[in-house]
Every structure is written in C-alpha cells, then in structure tokens.
Amino acid sequence: MSKKVEGFSKLSKAEKINWITQMHFEDSQKANEILSTYNHSDEKVQKRHDEFIENPIANYYLPLGVAPNFVINGEEYTLPMAIEESSVIAAACNSAKFWASRGGFKTQILGTQKIGQIHFLFDGKATQLQSFFEEKKQILIDSTSPLTANMRQRGGGILDIQLKDKSNLIEDYYQLHLTFDTVDSMGANFINSCLEQIAKTLQSLASDHKAFLNDQNTLEVIMSILSNYVPQCLVQAEVRCAVGTLEDSAGMSGMQFAQKFIQALKIAQKEPYRAVTHNKGIMNGIDAVVIATGNDFRAVEAGVHAYAAREGVYSSLSHAFLEGDEFVFQLKLPLSLGTVGGLTQLHPMVKWSMELLGNPNAKNLMEIVAVAGLAQNFAAVRSLITSGIQKGHMKMHLLNILNQHQASADQKEKALEFFKTHTVTFSAVTDFLKSNP
Ligand code: MEV
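## With respect to the environment of V221
Here is step 1 of the chain: Assignment of secondary structure puts V221 in strand β7 (residues 219–227).
Here is step 2 of the chain: As for V221 and Q330, which are separated by 109 residues in sequence, their C-alpha atoms are 42 Å apart.
Here is step 3 of the chain: Setting aside residues up to four positions removed in sequence, V221 forms contacts with I118, H119, F120, A199, L202 and Q203.

## Considering helix α13 (residues 362–385)
Here is step 1 of the chain: For α13, spanning 24 residues, the distance from its first C-alpha to its last is 35 Å, which sits close to the expected 34 Å at 1.5 Å a residue.
Here is step 2 of the chain: With 18 of 24 residues buried, α13 is to be regarded as a mostly interior element.
Here is step 3 of the chain: Two or three places before K363, at the opening of α13, N361 has a side-chain oxygen 3.2 Å from that residue's backbone nitrogen.

## Things to note about the side chain of N284
Here is step 1 of the chain: Positionally, N284 belongs in helix α10 (residues 272–292).
Here is step 2 of the chain: In contact with N284, other than residues within four places in its own chain, are I83, E85, V88 and Q376.

## What about the pattern of salt bridges?
Here is step 1 of the chain: Within this structure, the stated rule accounts for 10 salt bridges.
Here is step 2 of the chain: D50 is the partner of K13 in a salt bridge, and the nearest nitrogen-oxygen pair spans 2.9 Å. Placement of K13 in helix α1 (residues 13–24) and of D50 in helix α3 (residues 43–50) is noted, with a sequence separation of 37 residues between them.
Here is step 3 of the chain: The buried category is assigned to D50, whose relative accessible area is 16%.
Here is step 4 of the chain: The closest approach of N and O atoms between E51 and K47, which form a salt bridge, is 2.6 Å.
Here is step 5 of the chain: According to the relative accessible area criterion, E51 is exposed, its value standing at 55%.
Here is step 6 of the chain: Residue classification places K47 among the partly exposed positions, given a relative accessible area of 49%.
Here is step 7 of the chain: Members of the salt-bridge network, linked through shared partners, are E238, R240, E323 and E326.

## Here we look at the site of the ligand
Here is step 1 of the chain: If you check the shell around the ligand, you find E85, R274, T277, H278, K280, G281, N284, A380, L384 and I389 and nothing else.
Here is step 2 of the chain: R274 is positioned such that a nitrogen or oxygen atom in its side chain is 2.8 Å from an oxygen atom of the ligand.
Here is step 3 of the chain: Here N284 contributes a side-chain N or O atom positioned 2.9 Å from an oxygen atom of the ligand.
Here is step 4 of the chain: Burial of the ligand by the protein chains amounts to 84% of its free accessible area of 300 Å².
Here is step 5 of the chain: Put simply, the parts of the chain that give the shell around the ligand at least two residues each are α10 and α13.
Here is step 6 of the chain: When residues in the shell around the ligand are grouped by element, the largest group, 6 residues, is from α10.
Here is step 7 of the chain: Its residues placed into classes, the shell around the ligand shows 3 nonpolar, 4 polar and 3 charged.

## Observations regarding unusual backbone geometry
One can expect most non-glycine residues to show negative phi and most peptide bonds to be in trans.
Here is step 1 of the chain: Its identity as a non-glycine residue notwithstanding, N69 has a phi of 70 degrees, on the positive side.
Here is step 2 of the chain: Checked against the element boundaries, N69 lands in strand β1 (residues 64–72).
Here is step 3 of the chain: Its identity as a non-glycine residue notwithstanding, Q406 has a phi of 50 degrees, on the positive side.
Here is step 4 of the chain: The residue Q406 is located in the loop between α14 (389–404) and α15 (409–418) in this model.

Calculation notes
Residues numbered from 1 in each chain as written. Predicted model: local features only at pLDDT ≥ 70, side-chain atom pairs only at ≥ 80, totals over all residues. Heavy atoms only, no water. Helix = DSSP H or I, 4+ residues; strand = E, 2+ residues; numbered from the N terminus. Contact = heavy atoms within 4.5 Å. Expected span 1.5 Å × (residues − 1). Buried < 20%, exposed > 50% of the residue type's maximum accessible area, 1.4 Å probe, protein only. Polar contact = N/O pair within 3.5 Å; in protein donor to acceptor, adjacent residues only side chain to side chain. Salt bridge = Lys/Arg side-chain N within 4 Å of Asp/Glu carboxyl O. Near = heavy atom within 4 Å. Areas by Shrake-Rupley, 256 points an atom, 1.4 Å probe, with all protein chains shown as cover. Nonpolar A, V, L, I, M, F, W, Y, C, P; charged D, E, K, R; others polar.

Below, the structure is given as structure tokens:
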C-alpha cells in the first residue's frame, strides 16, 4: 500500500495520528497509546506546544536538569540543562564546584554583531555597480525604517552595509553584506525581514537605473538571508588558579596535572580528529543550556564549528596555558542568542529556565552558556587525563542499562550498590541481574 498522502496538514490531530499509526506501525493501538502518553494533560499547555510547529502529534521529552554552584563573575548561578546524555550534568556540577573554590568563572563579551547577506548577480562593470551602490546606499537602509523602528529604540538596528565583489569566486557574483545589532533578540526574523526589504529596493532601484538600462545590464537577486557564522558575536570564558591548588586532582601534583592538561589541549588544537571530539564535549554543555533557554541550537552549532575551522584547519575552541604560577583555561566562541522573542516568552519551561538564571539579557546569557561549555570541557579533559572517561560515564549510564533490562526497583537498588565498587559494562550488568533475579 502506498504511504503517500495528500492534504495531510489539513487533517485534525487525531486523524493525523490515526493515519500515521495505521500506516507505519504493526501495532497501531500501541503506537497510539505511546503518543497519547506524551501529550500534556493540560489542554492549554498542549495547544501552546502544538502551535509551535506544523503537523504536531505529541511532545518529545528531554530531561531538564540543573547544575548548581556556578560562580560567574562573582555571581552565583544554577544552570538549567536540557540533555539526554547521562554524565553531562554530573560533570557540570563537579566542574562548577571545583572552580567555585578557585575564584569561579570570568567572562568577557568580545562582540555582539550579527551578519546578513543579499546574494546577487550583476553582469555589468564592477565600478558602475560600486557608484550605483554609493549613490543608493542610504535609500536602501531607509527602506527598512518601518521595520527597524522598534529595534532602533532598543539601541540596535543596521550597523553597516557593504558591497562585496565576489566575482572572483563565481562569475557576476556580488553581495550586500550587512551587520546588525539585535540587542536582546537572536534577531533571525528581524535580519531576514530587513534583508528581504533591502533586496526588493535594490532590485527595483536597479531596474529603474538609467546607466544600467542604457548598457542593458541586469541585476538579479538570488537570495537574502542571515548568516549563522557570527565571528564578531563572540564571548570568552576563563578560569585560572595557582598551579599548586590543582593538587588534589587524582594524585598528580598540581604541576603534573597542569602540564598533562595543557598537552591534551595542544593535541586538540593540532589534530582535527581529536578537536572534533574535544569541541563536542564543549557543546554538551553549550547545547544543554541553549536548549533549556529556548535558543536555536542548530544555529549555534553551525556557527561554532565554522569558527573552529576559521584558520583552515578544524581546531580546539579552548586553550590552556601557564601564566606565571597560574594555570589558565579559556574558551572563546561565537554565540548568537536571544532572551526576548522566539520561544522565550512562549514556552513555559523556557520562561522557567530564564527565571532560574535571573532573567539575563542576551549578553549575560552568552556568558552563562560559554561558562557551561568551559566547565564541561574541563570536566571531560580532567577525566580523560586521569581516570579515563568510561569510569564516570558508565556509572551514570548504569541506570539506562538497568532500564533497558527492565530491572525492578529492588534490582536497581542492589545494582547501584554493587557497582559502586565494580566496573560497569553492559555484560557485567546483565550477569548481575541474572544472578539477582
Ligand atoms: C562525550 O559526550 C564527550 C567527550 O568525548 C568529550 C571529550 O572527549 O573531550 C568526553
């Protein structure tokens, strides 16, 4: 039977669910039941979620956890983290505690500029286009006035517009490259609306332009879109402490620990295979807070990894070094985040998470998120160069394995006790459950 469907979006939610479960599942009733378990009992809450997207059929839960004891620029925070990976929050908590007793995390905003581009083709002379652009620049910007009024009032707006000749890359290819300050919003809608308006104005000014008409030149807008590469929307997080105070780390002296840590970071700077995993560990912390605060983690991911490859080789986002008798560990990365607009006022859990953080503005949120990344990275590298990652990881994963075996509450309790002193592996847990039915 064909699984193609016409007019699916027009079906009611119940009709969609019926169609899906009957078409794609062996036991449609069971599939239906699972979906209904993941619907919210409060109709208003469910409707809110349903209205976020097209064709909603249920909710997809991620656990929301918290990591207390973060000290950031002298202030205490508990971070909300939405994540499925067992060990991430435990690692964040360890790191937070470790650094809270060593002066905490310090951060710095290095820039807040966002980027948008209008990509177009022009088949005339570059100099002709340049003088047309100079003449019309202000009209292009002014055409967005109604769109930018609110943003300008909040202190943001269009910062700059440049014409870029990219015809060395693709024949006749040019761009209008714009920079924006979107204050506390991530700004995707604002930027895209401005770009589309400017593109329209550009196209219509070009089609009326005498010199272009006489020479029969054409200007064709291909597309207008923000860039998720935001190397000027940058934040740095840092921890530092006297090398001697690293002493308690797994029996190594402070200096031994610092040197091994710095060596691990050097490897992540030079070796892309390691760098990707190293940065993935950073993103464990970053994404968890980004998701909990309702921000666009795909945009953050894309921008961060492009930044990690900005010098032509994919490299570590963090650095560690000695400065006098201090161990310094830093993370610098681009983060385009919002604390107004988007889901922030709509998703009840996002609002909750924002309140937990003291309702930060976008810059504060950039700082908090960067700290989550640095903390996570510290915990991962610390484990890697001391006990190895699996010890802590498998401990945290134990409950998942027990649940996979459908262990009873009694079995779980016994297993948790037993594996305090035994190595967790899938087969060790299987054997344990067999001998403790
Ligand atoms: C696992 O999710 C993340 C790590 O692999 C990060 C790292 O290797 O640095 C532990």
